[in-house]
Amino acid sequence: MPEDNACLGLCFFDHQLFYAVSNPKQSAYLTRIGAVNFNFDVAQAVLSGQSDHLPGLHNTVLDLKDRYEVKNVRVLMYPSMECWSILPKLVYDDASEREAHINILMNGLSRKKIHPAWHALSNENFKLIRLRTDSTLSGMQSLTADISSVDLVSAFEIGEDWIKHARPGGSFLTVGCFKNCISVSSFILGKLRGATYITFEDPDDLPYFWLQKARELSWMQGLHEQIQVYGRQAYHFIEILQPFWDDAGTVSKMNTLDKMQVTADEDTYGFDLELAYPAIMLALD
């Protein structure tokens, strides 16, 4: 029987909405992992914020919430819906400096439409700022309307969920693969070291963009004992980017329940599990 305190994790790739439902009475156990297929691009509908398909998507989310009697819904944000930047803690400590940097990053957008959040890093002299705006949130708000408890989760927070779930030691890198961008997050000794995302038109241009980013962000060139890859066409992105990852690191496409260290009633699925991996991590919170 579904549990009142179950959590529903959601993510979307192309024409599919992926979901996972936790069982709070059994650790690392999922009541359900599934996908809903649509005849339109779900990601594009949510990103646009004004699609005629949003009411139908909203009804689907409400149906999942009611069917599994969940209280909390957690949804993965596309990286391109946000702005991430790593700034000195001195900026965070000074209100005028904070606002000046937010204004620079948002290019003069009205402050009332900007929603900042700050995240701690392993290097305490720096903090990561995450910026969202009213326009980028509109699609997500339409998707989750009428739900009292909603958590919109950044891609770099998937690694933080993994830390709470699997308690890994050492260091690891998470790479989320989306239609026109990848998210890259580094963790060391249970803490976020750095995060960024790279946008592109053609995935084959990624080697150039990766090297360009790595020149600015030293943590991208650091040693990572494990590289976790999830999302659409993960196998293709591994082929493209593996030459830029440390040879000592183990590359894992997160496509099995064993790799995710979770259990569920079903062993096989009619979709690639690496697409549902974010939803699974979100449900476990």
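Here is what the cut-offs are and how they apply
Residues numbered from 1 in each chain as written. Predicted model: local features only at pLDDT ≥ 70, side-chain atom pairs only at ≥ 80, totals over all residues. Heavy atoms only, no water. Helix = DSSP H or I, 4+ residues; strand = E, 2+ residues; numbered from the N terminus. Rg over C-alpha atoms; globule rule 2.2 N^0.38 Å. Buried < 20%, exposed > 50% of the residue type's maximum accessible area, 1.4 Å probe, protein only. Areas by Shrake-Rupley, 256 points an atom, 1.4 Å probe, with all protein chains shown as cover. Pairing = 2+ DSSP bridges. Contact = heavy atoms within 4.5 Å. Axes fitted to C-alpha atoms, helices over the stretch in contact; angles between N-to-C directions. Disulfide = S-S within 2.5 Å. Salt bridge = Lys/Arg side-chain N within 4 Å of Asp/Glu carboxyl O. Core = buried A, V, L, I, M, F, W, Y, C linked by side-chain atoms within 4.5 Å.

Novice: Looking at this structure, how should I read the overall build of the chain?
Specialist: Broken down by element type, the chain carries 10 helices and 14 strands. By the compact-globule yardstick of 19 Å for 285 residues, the chain fits well, its C-alpha radius of gyration being 19 Å. Once the C-alpha set of the chain is aligned to its principal axes, its extents read approximately 50 × 45 × 35 Å. Counting all 285 residues of the chain, 51% fall into the buried class. Summing over all exposed atoms, the chain offers an accessible surface of approximately 13,300 Å²; the carbon and sulfur share of this is 45%.

Novice: Quick question: what am I supposed to make of the sheet that holds strand 3 (residues 29-37) here?
Specialist: As a general point, the strands of a sheet are linked pairwise by backbone hydrogen bonds and lie either parallel or antiparallel. Read from one edge of the open sheet, six strands run 8-4-1-2-3-14, paired in mixed fashion. Where the open sheet ends on each side, the last strands, each with one partner, are strand 8 (150-153) and strand 14 (263-264). As paired strands, strand 1 (residues 7-13) and strand 4 (residues 72-76) are joined by four bridges and run parallel to one another. Directly across from L10, in strand 4, lies its bridge partner V75. Taken strand by strand, helix 5 (residues 134-143) contacts strand 1, strand 4 and strand 8, and its axis lies near 145° from that of strand 4. Packed on one face of the sheet, helix 10 (residues 273-283) meets strand 1, strand 2 (16-22), strand 3, strand 4 and strand 8 and runs near 150° to strand 1.

Novice: Explain the state of the cysteines to me, please; I cannot follow it from the model alone.
Specialist: By definition, a disulfide links the sulfur atoms of two cysteines through a covalent bond. Using the criterion set out here, one finds zero disulfides in the structure. A disulfide-free cysteine, C181 has its sulfur positioned 9.6 Å from the sulfur of C177, the nearest such atom. Using a relative accessible area of 2% as the deciding quantity, one classes C181 as buried.

Novice: Help me understand the pattern of salt bridges in this model?
Specialist: When charged atoms on two side chains of opposite charge get close, those side chains can pair. Throughout the structure, instances matching the rule amount to 11 salt bridges. Here D14 ties to R232 by a salt bridge, and the two come within 3.0 Å at their closest N and O atoms. On the criterion of sequence distance, the pair formed by D14 in the loop between strand 1 and strand 2 and R232 in the loop between strand 12 (226-231) and helix 8 (234-241) is long-range, its members being 218 residues apart. Residue classification places D14 among the partly exposed positions, given a relative accessible area of 22%. Take R232: its relative accessible area is 13%, and that puts it in the buried class. A salt bridge links D161 to R74; the nearest nitrogen and oxygen atoms lie 3.1 Å apart. Here D161 is found in helix 6 (residues 157-166), whereas its partner R74 is found in strand 4, with 87 residues between them in sequence. The pair formed by D161 and R74 is uniform in burial state, with each residue classed as buried.

Novice: When you look at helix 6 in this model, what are you seeing that I'm missing?
Specialist: Think of an α-helix as turning once every 3.6 residues; residues three or four places apart then point the same way. Most of helix 6 sits inside the fold, with seven of its 10 residues counted as buried. For helix 6, every residue scored as buried is listed here: E157, I158, G159, D161, W162, I163 and A166. R167 sits one or two residues past helix 6 and shows a positive phi near 50°.

Novice: Hey, could you run me through the sheet that holds strand 5 (residues 83-88) in this one?
Specialist: With antiparallel pairing, three strands are arranged side by side in an open sheet as 5-7-6. The strands lining the two open edges of the sheet, one partner per strand, are strand 5 and strand 6 (114-120). Each adjacent strand pair in this sheet contributes to an overall mean axis angle of 30°, direction not counted. Two elements, strand 6 and strand 7 (residues 126-133), share seven bridges in a ladder whose sense is antiparallel. Along strand 7, the bridge assignment pairs W118 with I129.

Novice: What is the right way to read unusual backbone geometry from this model?
Specialist: Most of the time, phi is negative for any residue but glycine, and the peptide bond is trans. Phi is positive for A28, close to 60°, though the residue is something other than glycine. Along the chain, A28 turns up in the loop between strand 2 and strand 3. Judged by relative accessible area, A28 falls into the partly exposed class, the value being 23%. At R167, a position not held by glycine, the phi torsion is positive, near 50°. With respect to the helices, strands and loops of the structure, R167 is situated in the loop between helix 6 and strand 9 (171-177).

Novice: It is not clear to me how the nonpolar core should be interpreted in this structure. Could you clarify?
Specialist: Looking at soluble globular proteins, one finds that nonpolar side chains tend to be buried together. Counting residues in hydrophobic clusters, the biggest one holds 70 residues, and the most contacted among them are L10, F12, I33, L57, M140, L273 and I280. With nine residues, the single largest contributor to this core is helix 10. In contact with L57, other than residues within four places in its own chain, are F38, F40, V42, A45, V46 and L143. Core analysis: the second largest hydrophobic core is formed by 21 residues, L173, L206, I238 and L241 among them.

These values are about where atoms sit, not about what they do.
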